[in-house]
Amino acid sequence: MKVVVSISLGSANRNQRTETELFGEHVILERIGFDGDQKKARAAFLDRDGEVDAFGVGGTDLGFTIKDRYYPLHSVQNLVKGLQTPAVDGGILRRVVERNFVRTLEEELSSRIEPKRVLVGSAIGRYDLARSFADAGYEGIYGDFGFVLGLPIRVHSLRVIEILGSLLIPVVGRLPFEWLYPTGEEQEKNTPKFGSWFEWATIIADDFHYIKKFMPERLDGKIIVTNTTTANDVEELRRRGVAYLCTTTPRLEGRTFGTNVMEAVLTAIAGKGRALTPDELGAMLSEEEIRPEIIALNP
């Protein structure tokens, strides 16, 4: 039996505990949210350290990888400092899935993606996804200044994002995390901004908390590419006119969980006592499991 606990800075409203069978192992999964309270989250990590097989770190990234260089977010690294149990935020799993995401997306929706324009809320946070679109010839708006810093400055060059990342993350990564990313109750709020960016794009891609925070009332005909969504999220996107919802989160034996949980599950099952490399994770997943799930909402 494997025990995986996801400790999240996100809302406590989505707390749950479940048991399932994955890869022939009985797995207990628990998700505990702390509404942005880092002290309580840190205490929870320490309380369960050494008692579980792997931790998921939810509601935050521990760092970002841009062009194979890792930049830690120092403002949240203390959450997992000194732990015996491996703690993963889902970032490596996202890299494995998102590197070839656009190719598989176009196999399913090629006739629907016109013009080839994508809005990526934070290309620094989802670099491999942004890179996948750029390599496939998409025009892009990279909304890092707007979505993260609140500045109405849009970037069209991924090379500019790479340079900004190398210059800004070492500084921005030391700011309080709640300044950069919605946590707790802030994840449930919708304050429409940057409407022209949304209108310009055919595809809107990012972590759903960013999309939800800024999306306009109407998203008619848009394709949303994101991670895990709730049933309420899906219905809200349907109401706003979204044509297709594409989730990048892999399915493990027919089930899907938050990316940090899924990476933690794979880490626990591998039993190496450390985070897995992209190649190790990729070897555990079949091609079918890393294909996007596409839901037609208003086709």
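For the structure, check the block above.
These numbers come from a predicted model, not from an experiment.

The rules we used
- Along every chain, residues carry numbers that run from 1 in the direction the sequence is written.
- This being a predicted model, a pLDDT of at least 70 is required before a residue's local features are given, and a value of 80 or more before pairs of side-chain atoms are given or counted; all residues contribute to the totals for chains, interfaces and linings.
- The side-chain quantities take in all heavy atoms of the structure and omit both hydrogens and water.
- Runs of H or I in DSSP of at least four residues are treated as helices and runs of E of at least two as strands, each being numbered from the N terminus.
- In this treatment the radius of gyration is a C-alpha quantity, and the globule benchmark scales as 2.2 Å times the residue count to the 0.38 power.
- Relative accessible area decides the class of each residue, using a 1.4 Å probe on protein chains only: under 20% of the type maximum gives buried, over 50% gives exposed, and in between gives partly exposed.
- It only takes one pair of heavy atoms within 4.5 Å for two residues to be counted as in contact.
- Working definition of accessibility: Shrake-Rupley area with a 1.4 Å probe, residue cover restricted to the visible protein chains.
- Charge assignment: positive for Lys and Arg, negative for Asp and Glu; neither His nor the chain ends contribute.
- By convention, the point assigned to a charge is CZ for Arg, NZ for Lys, CD for Glu and CG for Asp.
- Each nonpolar core is a collection of buried residues, namely Ala, Val, Leu, Ile, Met, Phe, Trp, Tyr and Cys, held together in the definition by side-chain atoms within 4.5 Å.
- Salt bridges are identified by distance alone: a Lys or Arg side-chain nitrogen within 4 Å of an Asp or Glu carboxyl oxygen.
- Strand pairing is assigned whenever DSSP identifies at least 2 bridges connecting the two strands.
- Note on handedness: a crossover is taken as right-handed if, strands pointing away from the viewer, the path from the first strand over the helix to the second is clockwise.
- The angle between two axes is taken between their N-to-C directions and runs from 0 to 180 degrees, where each axis is a line fitted to C-alpha atoms and a helix contributes only its stretch in contact.
- Note that the term roughly parallel is reserved for angles under 35 degrees, roughly antiparallel for angles over 145, roughly perpendicular for angles of 65 to 115, and oblique for everything else.
- When residues are grouped by polarity, Ala, Val, Leu, Ile, Met, Phe, Trp, Tyr, Cys and Pro land in nonpolar, Asp, Glu, Lys and Arg in charged, and all others, Gly among them, in polar.
- Residues enter patches when their relative accessible area tops 30% and they take part in no salt bridge; the joining distance is 9 Å for like charges and 5 Å for the nonpolar side chains Val, Leu, Ile, Met, Phe, Trp and Tyr.
- Two axes enter the definition of the bend at a residue: one is fitted to the seven residues ending there, the other to the seven starting there, and the bend is the angle between them.
- For the purposes of these results, a polar contact is taken to be a pair of N or O atoms within 3.5 Å, where, inside protein, one atom must be able to donate a hydrogen and its partner to accept one; residues adjacent in sequence count only when each atom of the pair is a side-chain atom.
- In this context, the arc is that of the directions from the helix axis out to the C-beta atoms.

Thoughts on the overall build of the protein chain
Scanning the protein chain for helices and strands turns up twelve helices and 13 strands. At 18 Å, the protein chain has a C-alpha radius of gyration in line with the 19 Å of a compact globule built from 299 residues. Seen along its three principal axes, the alpha-carbon backbone of the protein chain occupies a region of about 50 × 40 × 35 Å. Burial analysis of the protein chain (299 residues in total) assigns 55% to the buried set. Taking contacts inside the protein chain between residues at least 6 apart in sequence as the whole, the part at least 24 apart equals 64%. Total accessible area on the protein chain stands at roughly 13,100 Å², and carbon and sulfur atoms take up 48% of it. Looking at charge distribution, the protein chain has the averaged site of its 37 positive side-chain charges lying 4 Å from that of its 43 negative ones.

Concerning the nonpolar core
Of all hydrophobic cores here, the largest spans 51 residues; its most connected members are Leu105, Phe133, Ile203 and Val225. Counting 22 residues, the second largest nonpolar core, distinct from the first, contains Leu119, Phe198, Ala201 and Ile204.

Description of the pattern of salt bridges
Under the counting rule described, the total for this entry stands at 20 salt bridges. Close ionic contact of Asp220 with Arg218 constitutes a salt bridge, the shortest N to O distance being 2.7 Å. Through salt bridges that share partners, Lys67, Arg131, Asp135, Arg159 and Glu162 make up one connected network.

As for the pairing of strand β8 (residues 117-120)
Note on strand geometry: in a regular strand, side chains alternate between the two faces of the sheet. Note: β8 against strand β9 (residues 139-142), four bridges, orientation parallel. Bridge pairing in β9 places Val118 opposite Gly140. Handedness of the crossover joining β8 and β9 through helix α5 (residues 127-135) is recorded here as right-handed. In the sheet, β8 pairs with strand β10 (residues 203-205) via three bridges, with the strands oriented parallel.

A short note on the packing of helix α3 (residues 91-98) against helix α11 (residues 259-270)
Put simply, α3 and α11 touch, their axes get as near as 8 Å, and they point 100 degrees apart. In terms of their interaxial angle, α3 and α11 are classed as roughly perpendicular. In this structure, α3 contributes Gly91, Ile92, Leu93 and Arg94 to the contact, and α11 contributes Thr259, Met262, Glu263 and Leu266. Residue composition of the contact of α3 with α11, grouped by class: four nonpolar, two polar and two charged.

What about the sheet that holds strand β11 (residues 223-226)?
Spatially, the six strands line up as an open sheet ordered β9-β8-β10-β11-β12-β13, and their pairing is mixed. Only two strands of the sheet have a single partner each, and these edge strands are β9 and β13 (293-296). Across this sheet, the average inter-strand angle for adjacent strands is 20 degrees, counted without regard to direction. Pairing of strand β12 (residues 244-247) with β13 involves four bridges; the strand directions are antiparallel.

A closer look at a nonpolar patch on the surface
On the surface, a cluster of nonpolar side chains totalling about 230 Å² of accessible area is made up of Leu149, Leu151 and Ile153. Mapped onto the elements, Ile153 comes out in the loop between α6 (144-149) and α7 (158-172).

As for α7
A bend of about 35 degrees at Gly165 is the largest found in α7. Those residues of α7 lying buried are Leu158, Ile161, Glu162, Leu164, Gly165, Ile169 and Val172. Looking at the packing, one finds that the buried side of α7 touches β5 (63-66), β6 (69-72), α5, β9 and α6. Of the residues that open α7, the one with a side-chain oxygen 3.2 Å from the backbone nitrogen of Arg159 is Ser157.

Here we look at helix α4 (residues 101-109)
An α-helix turns once per 3.6 residues; consequently, residues spaced three or four apart project the same way. Along α4, the positions that sit buried rather than exposed are Phe101, Val102, Thr104, Leu105 and Leu109. Buried positions in α4, seen along its axis, are confined to an arc of 165 degrees and lie on one side of it. On its buried side, α4 packs onto α3, α5, β10, β11, β12 and β13.

Observations concerning the side chain of Asp206
With respect to the helices and strands, the residue Asp206 is situated in the loop between β10 and α9 (208-214). In this structure Asp206 is buried but unpaired, with Arg126 as the nearest side chain of opposite charge at 4.1 Å. Side-chain polar atoms of Asp206 contact the backbone nitrogen of Ser122, separated by 2.5 Å. Aside from chain neighbours lying at most four places away, what touches Asp206 is Val120, Gly121, Ser122, Arg126, Ile211, Val225, Thr226 and Asn227.

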